[in-house]
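Chain by chain, the residues run as shown.
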Amino acid sequence: MVVAGETVLPVGGEVSRPADLAAAVREIEAAERPRWVWADTRETYPALLESGARVGRCHDLALTEGLLLAYEGRHGESRTAMAAHARLRGLPVPEEAPSPPGTLFAPEPMAAEAVAEVLADQLRRVAALPEPGRFRLLVAAESAGALVAAEMTHEGMPWRKDLHDELLTGLLGPRPVHGMRPARLQALADEVAAAFGRPVNPDSVRQLVKAFKDAGVELKSTRSWELKRVEHPAVAPLLAYKELARLFSAHGWAWADQWVRGGRFRPEYVVGGVVSGRWATSGGGALQIPKVMRRVVVADEGWTLVVADAAQLEPRVLAAMAGDVGLARAAGEIDLYSALATSFGGQRDHAKIAMLSAMYGGTSGDASKLLAVMRQRFPKAYQFVEDAAKAGEEGRLVRSWLGRTSPPPSARWRELVSGPEGGRAARDRGRFTRNFVVQGTAAEWALALLAVLRGLLPEPAGLVFFQHDEVMVHCPREQAGEVVAAVQTAAAEATRLLFGDTPVRFPMEAVPVTCYADAK
DNA sequence: AAGGTAGGCGCC
DNA sequence: AAAGGGCGCCTACCTT
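Residues numbered from 1 in each chain as written. Chains lettered and ligands numbered in written order. Predicted model: local features only at pLDDT ≥ 70, side-chain atom pairs only at ≥ 80, totals over all residues. Heavy atoms only, no water.

Identification of chain A as DNA-directed DNA polymerase from Nonomuraea wenchangensis is taken from an unreviewed UniProt entry. Among the UniProt annotations of chain A, the heading Catalytic activity (unreviewed entry) holds the following wording: "DNA(n) + a 2'-deoxyribonucleoside 5'-triphosphate = DNA(n+1) + diphosphate". (UniProt positions renumbered as here; feature names shortened; annotations may be inferred.)

Written out as structure tokens, the structure is:
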């Protein structure tokens with residue numbers, strides 16, 4: 001069924017079995033390379049991939065509905081395609097019932113006609129926006145991101161369980177029986193207890209604070225940076241314990257049993273899971289893998305990992321968005337902060353502090369002095385983030401470059417802000433919106449890069465990991481050069497798509513490595 | 001027993 | 001060297 005030039009996937013219609021569906025998709029894809037339109041990529045695409053069907057482009061109704069509702073200030077409304085359809089028809093909006101990902105047919109598959117109606121409505125709403133071109137790009141990038149996410153879960157990141165076990169055993173001792181601490185952790189816990197002269201559970205904040213207090217040390221918290229300032233024999237073993245305990249509990253043997261299969265780590269990505277447009281993951285903690293674990297991510301025999309990350313992405317994004325000529329000139333260099341140094345008395349680190357403070361609302365230390373320099377030297381960039389902060393403090397919405405819109409402040413915030421401690425709440429909100437415009441646009445650039453890169457990769461190379469401003473491609477060794485070049489092309493194209501002709505450069509260094517740990 | 005919150009820390 | 005915003009996930013601890 002073709003509506004308005006769009007191919008609508010007949011889920012639950014005349015094609016009833018997944019294998020038939022996959023075959024039909026393959027056939028149509030090969031013949032027409034259409035833009036598929038479906039309710040939710042997470043529901044539909046994993047099973048297609050299982051059946052060997054890949055698609056080039058799609059329009060994800062649920063993700064698009066979410067973007068549109070946010071833009072329209074309708075944050076509380078359900079973003080599923082079914083809900084969107086019900087609203088169109090004036091019917092009761094169904095409860096949000098997330099179906100488990102990987103099921104090809106949602107409990108109540110949407111009729112093709114309903115899909116087409118929601119699509120038409122969304123296209124109308126986009127066309128009515130002040131910047132429809134930008135929003136169309138956002139919709140396309142978000143939908144492409146959903147395809148990439150499903151494909152990365154399908155492909156999986158190479159993960160050597162044997163090396164992971166070796167790493168853990170080396171740091172913690174052999175895998176303990178369930179419910180026990182590994183030997184090294186237990187030894188450190190014993191050292192902590194010995195230093196206090198009594199049993200203390202190093203996992204218990206309350207017990208630790210009490211133990212330190214009895215030893216004459218007052219602590220506000222047991223955060224490691226605070227402990228580091230304390231002179232006490234328990235501190236060293238406690239810091240070592242904390243570091244290893246986290247490794248054990250968050251990325252230890254039990255984690256591997258749950259998330260690593262067949263030499264692949266397959267996290268579930270949540271596209272647009274962060275309000276700023278960054279991705280989140282549900283389960284597996286894929287975006288918080290400790291750096292020490294990178295050594296267990298190893299390419300298959302004869303294959304290579306091409307690892308690429310965008311350098312200083314957020315200040316470059318700010319330079320391009322604000323149209324600040326001076327900052328854009330600096331952002332035309334590979335090392336933006338070095339290029340800025342002359343404006344800050346030749347001190348690169350001062351330039352960096354100024355930029356970070358401007359983007360995040362920092363106030364500590366030398367920030368205010370450096371921000372004054374920034375304001376004078378780069379007035380447009382400074383004003384851009386100041387305006388975003390002011391909007392937040394006043395409870396207004398802000399938008400990223402392509403139109404992703406911040407959530408409105410809560411009712412609780414509105415209460416707080418008019419109360420005696422209102423200034424603090426307002427400033428917190430201002431920091432959030434100040435950062436939103438930069439982080440959100442950086443996420444859009446990364447999404448565009450991902451979408452373009454996906455289309456440039458030669459078979460059988462595949463994206464296997466994405467973390468905010470970093471991508472990893474797994475490919476046969478002889479394709480490494482081609483993949484590195486594809487990353488460069490994709491970075492340039494992402495820049496052009498978002499900002500057109502800009503002097504700002506977005507360097508993306510791509511290196512082929514056998515092991516992830518060798519990439520930095 | 002189950003669910004929620006807080007403290008803490010990993011990543012960008 | 002760090003500051004800042006954003007997350008997810010762990011354990012401890014409290015409430016129901």
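Chemist: Can you explain the protein's contact with DNA strand B? Please cite residues and give values.
Modeler: With respect to spatial proximity, 17 residues lie near DNA strand B, and among them Thr 222, Arg 246, Arg 278, Gln 288 and Asp 469 are the closest. For DNA strand B, the fraction of atoms within 4 Å of the protein that belong to sugar or phosphate moieties is 79%. Contact between DNA strand B and Ser 224: a phosphate oxygen at 3.2 Å from a main-chain N or O atom of the residue. Separating a sugar or linking oxygen of DNA strand B from a side-chain N or O atom of Asp 469 is a distance of 2.6 Å. Taken together, the residues of the surface near DNA strand B break down into 4 nonpolar, 6 polar and 7 charged. (Near = heavy atom within 4 Å. Polar contact = N/O pair within 3.5 Å; in protein donor to acceptor, adjacent residues only side chain to side chain. Nonpolar A, V, L, I, M, F, W, Y, C, P; charged D, E, K, R; others polar.)

Chemist: Go over the nonpolar core, please, and point to the residues and values.
Modeler: Residues Trp 159, Trp 279 and Trp 445 are the most contacted members of the largest nonpolar core, which totals 115 residues. Here Trp 445 is in contact with Ala 310, Leu 313, Ala 491, Ala 494, Thr 495, Leu 498, Phe 499, Phe 506 and Met 508, once residues within four sequence places are set aside. Among the nonpolar cores identified, the runner-up in size contains 14 residues, and Val 200, Val 230, Leu 238 and Leu 239 belong to it. (Core = buried A, V, L, I, M, F, W, Y, C linked by side-chain atoms within 4.5 Å. Buried < 20%, exposed > 50% of the residue type's maximum accessible area, 1.4 Å probe, protein only. Contact = heavy atoms within 4.5 Å.)

Chemist: Describe the domain arrangement of chain A, listing the residues and the values that go with them.
Modeler: Taken domain by domain, chain A comprises domain 1 (2–156), domain 2 (162–256), domain 3 (267–313 + 444–519) and domain 4 (314–439). Between domain 2 and domain 4, the C-alpha centre-to-centre distance is 38 Å. (Domains from an automatic or database assignment.)

Chemist: Tell me about the sheet that holds strand 5 (residues 157–158), and please be specific about residues and values.
Modeler: The strand order 5-7-6 describes an open sheet built from 3 strands, whose pairing is antiparallel. Both edges of this open sheet fall to strand 5 and strand 6 (260–261), since each of them pairs with a single strand only. When strand 5 meets strand 7 (residues 264–265), the two strands line up antiparallel, connected through 2 bridges. Within strand 7, the residue paired with Pro 158 across the bridge is Arg 264. (Pairing = 2+ DSSP bridges. Helix = DSSP H or I, 4+ residues; strand = E, 2+ residues; numbered from the N terminus.)

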